[in-house]
Amino acid sequence: MERPDFACRIVAQSSVRELGAIGVAALDSASVREALLSVATLLPHHTTNEIITIRSTPGGMTLREAWGLRMDDETLHLVRQYVAALIQSVCNHAGAPLPVFDRVALVPHPVHDLAHLRACFGETVEASADRALTLFVPARVADRPLRPLTVDRPAPDPAADRTPLRGDGSLGMSVRIVMRAMLSEDTPKVERIAAAAGLSVRTLQRRLGAEGTTFSRLLDSVRRDLALADFDAGGRSSGAIAAQLGYGQQSSLTRAVRRWTGTLPRTLCRRDRT
């Protein structure tokens with residue numbers, strides 16, 4: 001059986017560089033602060049379910065990492081531990097002495113709790129109140145210059161000629177993708193998505209409004225796309241589709257389909273069989 005600090009132990013100085021475009025962009029940055037901001041900017045080009053938000057403050061910066069998918073506590077503990085160790089590795093490239101973080105908050109291991117992580121992160125480790133990973137990087141570390149990355153290669157923009165996996169890169173598109181993942185387990189709640197993004201509900205709603213949309217409209221559009229794709233594929237009843245999309249009653253799906261298409265679910269089902 002692997003030790004509970006397995007993820008910390010597998011991260012070496014070369015691990016960040018091995019992340020490909022994200023790692024190169026991070027280590028090519030002028031400072032730790034710039035490196036972490038680059039990681040947050042490039043992440044939508046590489047994953048659809050992981051969310052990293054960063055808030056800069058006079059005292060340093062706060063990095064928050066969350067997922068749109070549910071994981072058991074042991075898996076989540078290892079994932080969070082690995083991400084924290086990678087971020088610490090970036091700071092190590094700048095010569096930052098331990099402890100790098102003023103505070104590390106993550107999900108405890110269900111058996112071993114958090115004591116095994118203190119050898120890696122110091123005495124600043126504590127249990128996360130909301131299952132996300134939160135790292136507090138002090139200004140003395142965030143503003144340290146990174147050593148130049150010495151590899152024989154050009155230095156292109158890692159984001160050039162790439163289409164973000166989150167579509168247009170907007171907050172609304174990110175929320176849509178997280179909603180799709182959440183619908184496989186439960187009805188998306190604005191509070192949960194705001195927490196995953198490291199925003200208050202009010203700030204999330206305000207930023208969506210600035211993009212010309214709302215949480216309710218996004219959820220409705222995700223349900224529409226999934227429902228119509230299900231009807232097009234055939235093989236599932238309206239009741240099963242309604243339950244999957246978080247509708248309390250099949251009649252709610254029926255009203256939604258009529259609003260989206262001007263017809264009824266049974267008409268779509270008959271159309272698929274012809």
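Please refer to the structure placed before this passage.
Read on for an overview of the structure. Please read these numbers as outputs of a predicted model, since none were measured by experiment.

## Description of the sheet that holds strand 1 (residues 50-57)
Thought 1: Across the sheet, which stays open at both edges, the five strands sit in the order 1-2-5-3-4 with mixed pairing between neighbours. Bordering the open sheet on either side are strand 1 and strand 4 (125-127), each of which pairs with just one other strand. Strand-to-strand twist in this sheet, taken as the mean axis angle between neighbours without regard to direction, amounts to 15 degrees.
Thought 2: For strand 3 (residues 103-106) and strand 4, the ladder comprises three bridges, and the chain directions are parallel. The residue of strand 4 that forms the bridge with Val 104 is Val 125.
Thought 3: Its contacts with the sheet put helix 4 (residues 73-93) on strand 1, strand 2 (60-67), strand 3 and strand 5 (133-138), and the angle it makes with strand 2 is roughly 150 degrees.

## Side note on the packing of helix 10 (residues 215-233) against helix 12 (residues 250-261)
Thought 1: Direction vectors running N to C along helix 10 and helix 12 enclose 90 degrees, while the axes themselves pass 11 Å from each other. Accordingly, the angle class assigned to the pair helix 10 and helix 12 is roughly perpendicular. Between helix 10 and helix 12, the residues in contact are Asp 220, Arg 223, Arg 224, Ala 227, Leu 228 and Phe 231 and Leu 253, Val 257, Arg 259, Trp 260 and Thr 261, respectively.
Thought 2: Residues that form the contact of helix 10 with helix 12 fall into these classes: six nonpolar, one polar and four charged.

## With respect to helix 4
Thought 1: In a regular helix each residue adds 1.5 Å, so 21 residues correspond to 30 Å; helix 4 covers 30 Å between its end C-alpha atoms and thus fits that length.
Thought 2: The distance from a side-chain oxygen at the start of helix 4 to the backbone nitrogen of Glu 74 is 3.1 Å, and the residue carrying that oxygen is Asp 72.
Thought 3: Gly 95 sits one or two residues past helix 4 and shows a positive phi near 75 degrees.

## A look at the environment of Asp 186
Thought 1: Along the chain, Asp 186 falls in the loop between helix 7 (171-182) and helix 8 (190-196).
Thought 2: Spatially, the C-alpha atom of Asp 186 lies 10.0 Å from that of Arg 70, the residues being 116 residues apart in sequence.

## A few points about the environment of Gly 212
Thought 1: Here Gly 212 is to be found in the loop between helix 9 (201-210) and helix 10.
Thought 2: Overall, the relative accessible area of 55% leaves Gly 212 in the exposed class.
Thought 3: Put simply, Gly 212 and Gly 172 are 40 residues apart on the chain and 9.2 Å apart in space, counted from C-alpha to C-alpha.

## Quick notes on the pattern of salt bridges
Oppositely charged side chains can form a pair if their charged atoms are brought close together.
Thought 1: Taken as a whole and assessed by the stated rule, the structure comprises 13 salt bridges.
Thought 2: A salt bridge links Arg 64 to Asp 130; the shortest N-O distance between them is 2.9 Å. One end of the pair, Arg 64, is in strand 2; the other, Asp 130, is in the loop between strand 4 and strand 5, with 66 residues separating them in the sequence.
Thought 3: Asp 130 sits in the partly exposed class, given a relative accessible area of 40%.

About the criteria used
Residues numbered from 1 in each chain as written. Predicted model: local features only at pLDDT ≥ 70, side-chain atom pairs only at ≥ 80, totals over all residues. Heavy atoms only, no water. Pairing = 2+ DSSP bridges. Helix = DSSP H or I, 4+ residues; strand = E, 2+ residues; numbered from the N terminus. Axes fitted to C-alpha atoms, helices over the stretch in contact; angles between N-to-C directions. Contact = heavy atoms within 4.5 Å. Parallel < 35°, antiparallel > 145°, perpendicular 65-115°, else oblique. Nonpolar A, V, L, I, M, F, W, Y, C, P; charged D, E, K, R; others polar. Expected span 1.5 Å × (residues − 1). Polar contact = N/O pair within 3.5 Å; in protein donor to acceptor, adjacent residues only side chain to side chain. Buried < 20%, exposed > 50% of the residue type's maximum accessible area, 1.4 Å probe, protein only. Salt bridge = Lys/Arg side-chain N within 4 Å of Asp/Glu carboxyl O.

Structural measurements only, silent on function.
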